[in-house]
Amino acid sequence: MSEKKLICEKDSPPKFAPFTPHSVLKVCLIIAPTLSAIMALTSGYNRHPDEYMHFEAAKYYIHHFFPPEIGDPSVANSYSYWGVSYLNYFWI
């Protein structure tokens, strides 16, 4: 009778498997958005690279539908130190 009990215990799945891909994925799907939200809510304006360029480019589209001409003086504040503006690209 003890043999049968041993066989049944071997065939049953473990109750706790600590590092399965499924459990690691669950943890990552919780940690990544949490860290992103904390960073977004606690950092100040222009604390990340080229943030002001994205902001100025988005501000332009509040009153305009089409992209501006390259070098348009009305969007001079959206250009970086190196002369690049996100308004000249379609992937802002």
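All figures in this text were calculated on a predicted structure; none of them were measured in a lab.

## So, the overall build of the protein chain
Link 1 in the chain: Of regular secondary structure, the protein chain possesses 3 helices and 0 strands.
Link 2 in the chain: Secondary structure elements in the protein chain, listed N-terminal to C-terminal, are α-α-α.
Link 3 in the chain: Relative to its 92 residues, the protein chain shows a buried fraction of 13%.
Link 4 in the chain: The long-range share in the protein chain, meaning contacts at least 24 apart out of those at least 6 apart in sequence, stands at 38%.
Link 5 in the chain: For the protein chain, the exposed surface amounts to about 8300 Å²; the carbon and sulfur share of it is 69%.

## Examining the packing of aromatic side chains
The relative placement of two aromatic rings is captured by the distance of their centres and the angle of their planes.
Link 1 in the chain: Under the criterion given, the structure shown has 4 aromatic pairs.
Link 2 in the chain: Between Tyr45 and Phe55, the aromatic rings sit 5.5 Å apart at their centres with planes inclined by 70°, giving edge-to-face as the arrangement. Here the residue Tyr45 occupies a position in the loop between α2 (21-42) and α3 (51-60), and Phe55 occupies one in helix α3, the gap between them amounting to 10 residues.
Link 3 in the chain: Taking relative accessible area as the criterion, Tyr45 reaches 48% and is therefore assigned partly exposed.
Link 4 in the chain: For Phe55, a relative accessible area of 41% translates into the label partly exposed.

## A short note on the side chain of Ser78
Link 1 in the chain: Considering the arrangement of structural elements, one finds Ser78 in the segment after α3.
Link 2 in the chain: Note on Ser78: relative accessible area 1%, which makes it buried.
Link 3 in the chain: Sequence-distant contacts of Ser78, defined by excluding residues within four places in its chain, comprise Met53, Glu56, Ala57, Val84, Ser85 and Leu87.

## Describing the nonpolar core
Link 1 in the chain: In this structure, Met53, Ala57, Tyr60, Val75, Tyr79, Tyr86 and Leu87 together form the largest nonpolar core, which totals 7 residues.
Link 2 in the chain: If sequence neighbours within four positions are ignored, Met53 has contacts with Ser78, Ser80, Val84, Ser85 and Tyr86.

## Focus on the pattern of salt bridges
A side chain with one charge may pair with a side chain of the opposite charge, provided their charged atoms come close.
Link 1 in the chain: The final tally for this structure, using the stated rule, is 1 salt bridge.
Link 2 in the chain: Across the pair Glu56 and Lys59 runs a salt bridge, and its minimum N-O distance is 3.5 Å. Highlighted residues: Glu56 and Lys59, both in helix α3, separated by 3 residues, approximately one helical turn.

Cut-off values and rules
Residues numbered from 1 in each chain as written. Predicted model: local features only at pLDDT ≥ 70, side-chain atom pairs only at ≥ 80, totals over all residues. Heavy atoms only, no water. Helix = DSSP H or I, 4+ residues; strand = E, 2+ residues; numbered from the N terminus. Buried < 20%, exposed > 50% of the residue type's maximum accessible area, 1.4 Å probe, protein only. Contact = heavy atoms within 4.5 Å. Areas by Shrake-Rupley, 256 points an atom, 1.4 Å probe, with all protein chains shown as cover. Phe/Tyr/Trp six-rings, centres within 6.5 Å; stacked < 30°, edge-to-face > 60°. Core = buried A, V, L, I, M, F, W, Y, C linked by side-chain atoms within 4.5 Å. Salt bridge = Lys/Arg side-chain N within 4 Å of Asp/Glu carboxyl O.

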